[in-house]
Structure formats: structure tokens, C-alpha cells
Amino acid sequence: MTHQTHAYHMVNPSPWPLTGALSAFLLTSGMIMWFHFYYTTLLTAGLLASTMTMFQWWRDIVREGTYQGHHTSPVQKGLRYGMILFIISEVFFFAGFFWAFYHSSLAPTPQTGGHWPPTGIFPLNPMEVPLLNTAVLLASGVTITWAHHSLMEANRKESAQALSMTIALGIYFTYLQMSEYSETSFTISDGIYGSTFFMATGFHGLHVIIGTTFLTTCYFRQQLYHFTSSHHFGFEAAAWYWHFVDVVWLFLYISIYWWGS
Amino acid sequence: MAAAVASRLSRLLGRSRPQVGRPMSSAAHSGEGSARMWKILTFFVALPGVGVSMLNVYLKSQKEHERPEFVAYPHLRIRTKPFPWGDGNHTLFHNSHVNPLPTGYEDE
């Protein structure tokens, strides 16, 4: 390897930004074709191409950071800023759904009865499964912190235990939400209530699934000795993301499930 | 007493020295034994909380729910165009027992 007199990561040419852009385009056009013309081939191609891009791009990053030592302190600082900015963009993504919800519920239109929830809508009882979901996500926030501290104290066994408990809680949350979805007396086509409810909780559920996948990746990387007690930003990014998803749920619970019912 | 305070202070000052090399790292403020505290919190606070909530759900689910009577409100069961799946008339999480179609419950 050539001698390098600075700590920055000079990235090699990579095909993934190009395939990523193309598959994002395929995904968008595929969705339009599916929604309007029942045509699913483009969407399938888009999903396949974006999954492959994500897998291979992140695999390259794992190799650069873990085996090639490119993730030096200033590089890690950049990764941290990147993750923070990404989570801020996610905050605004969800702010849009909360805006739609409060816009519709604080001044309900006469067409839906002039009150919230609208006439004919029977919301879920927030003190039943939604409360359990809150307990599950709060518990997962505790177990992931346990996993992080065990990792920093180089306790492999407990770190793996705590991480798998976090993943199990994430899967349990997804299971509970799916059974709630099939139990609700209202659907996504039930006017503004159904639209705002399923848009907000559905995208949150998608984020829980993504977060669980991220944590599962961290679990396997931990098993493969990718993390040291002081060099494990992949894990920290997953933990930040998981806490973010947890906080979004608290806002959903208070706004939509509790106040909105 | 004074000696203990002084040693504690010096430890605190020692800890607040500027960190070299690992900016914004949460590993920098890890105290020994903090994993133990989070383990205790997991088993004595977090998981019992989940257990109590599960019990609460179980006890409340014992009661049978009456399904609401079907009323063909114009602001509900909206179908401006068919869904892009199935027969285009059933939502993705359709439950024929509690979700009526625009014309009413399927089993009535």
C-alpha cells in the first residue's frame, strides 16, 4: 500500500451510487405502474436492484471500516455527522405525518361529523395492545443500552444476549402491530382517520422493521468479531436509529392512540 | 472526608481532560460496571413492565367485543379507484368480521 500522510479515507471508484440511483428510479416508476396499471414487473426489478445495491454497498463499507482500517477518528466523525443529519431528515419525514394528523384532528371538518374521531370510527383502546407496544419499545431501549455498555466493557456474551433480546423485542413489536392491523374496525380507506392513522403508524412500523434488520446485522457482525470495545460505530448508529424509532412511537402513542381516541 | 473529596475532585478533573482522537464518542463516558446497572434495569424494570402490560392485555381481551352496526357513511369505505391487489375491493389487512365493504359486512 502507498504511504498516506493524512487520516482521511480516499474512497475507491464504486458502482453503487450509480446502481442506487437507477434502482431508486426503477422503484419510483415501478410504484406508479403498480398503483395505476396493476403492472408489477418494474416494481419487482426496482426492489431487487435496490436490495442488491444496499447489500453490496454496505458490505463494501464493512470491509473498508473493519478490515482495511479506513474508519479513522476523523472519518468516524464524518460518519457520525452523516447519521445525525440522516436522523434529522427522518424527523422531518415524520413531522409531515404529524402535521397531517393535527391539521385534520384539531379542526375536524363538518363532512366527517365535525369531531374527532370522525363519525363511524371506533379507535383502538390505547390502554390495551398500544400500551404493551410502548412497554416493549421502552424495554428494547434499555436492553440496547445494556448491549452497548457490555460491548464497551468487552463482555461478548452479555452484549450478544442483550442485543438478541433487543431484536426479539423488535420482532414482538412488529407481530403485535400486525395483529392490531387485522383487528381494527377501521381501514386505510376510512377517510381522513384511516389515512392519517395507517400512514403514520405504517411508516413507523416500516422503520421498526428496518431498525430490527440493522440490529440483526450488528448481531452477526458482533459474532464475527467486527467490533472492538472502542471501535463500533456501526453498532452506535443502529442504537441511535433504534432510539429514534422509539421516540417516534412515543409521539404516535400520545398523539394518535391516546389523545386522538 | 476532605481527602476523599479531594481525590474525587481530582478524578473528575482527570476525566474532563480533553479527549484526543475520539470526538463525539459515547465510549468516552463509560463508567466501569455501568453494563451491570443496565442488566439489572433490564431484568427488574423493563421486562417486568412488558410482563405486566401483557397481563393487562390478556385480562382486558377476555371481554367479547360487539362489532359496530354498518352505516353507509359517504366519508368511510372510500373507493375512488380499485386497490392494486386482489379484487381491488379489500384492504391489505382486511378482516371480514370487523371490516365492512362499501355495501356492508360480507357475512350479513
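For the structure itself, consult the block above.
Please read these numbers as outputs of a predicted model, since none were measured by experiment.

## Brief notes about the pattern of salt bridges
Phase 1: Within this structure, the stated rule accounts for four salt bridges over all chains.
Phase 2: A salt bridge links A:Arg80 to A:Glu236, with the shortest nitrogen-to-oxygen separation between them at 2.8 Å. Here A:Glu236 lies in helix H7 (residues 233-259) and A:Arg80 lies in helix H3 (residues 73-106), a separation of 156 residues in the sequence.
Phase 3: Classification of A:Arg80 as buried rests on a relative accessible area of 1%.
Phase 4: Look at A:Glu236 and you get buried, because its relative accessible area is 2%.
Phase 5: For the salt bridge of B:Arg67 with B:Asp107, the shortest nitrogen-to-oxygen distance reads 3.1 Å.

## Some remarks on the packing of aromatic side chains
Residues and elements named next belong to chain A.
Phase 1: Taken as a whole and assessed by the stated rule, the structure comprises 36 aromatic pairs over all chains.
Phase 2: Note on tyrosine 172 and tyrosine 175: the rings are 6.5 Å apart at their centroids and 15 degrees apart in plane angle, and the pair reads as stacked. Of this pair, tyrosine 172 and tyrosine 175 both sit in helix H5 (residues 156-183), three residues apart, which is roughly one turn of the helix.
Phase 3: With relative accessibility at 23%, the residue tyrosine 172 sits in the partly exposed group.
Phase 4: A cation over a ring is seen here: arginine 156 above tyrosine 225, with NZ or CZ 3.8 Å from the ring centre.

What counts, and at which threshold
Residues numbered from 1 in each chain as written. Chains lettered and ligands numbered in written order. Predicted model: local features only at pLDDT ≥ 70, side-chain atom pairs only at ≥ 80, totals over all residues. Heavy atoms only, no water. Salt bridge = Lys/Arg side-chain N within 4 Å of Asp/Glu carboxyl O. Helix = DSSP H or I, 4+ residues; strand = E, 2+ residues; numbered from the N terminus. Buried < 20%, exposed > 50% of the residue type's maximum accessible area, 1.4 Å probe, protein only. Phe/Tyr/Trp six-rings, centres within 6.5 Å; stacked < 30°, edge-to-face > 60°. Lys NZ or Arg CZ within 6 Å of the ring centre and 35° of its normal.

Fair warning: the whole summary comes from geometry, so function is off the table for now.
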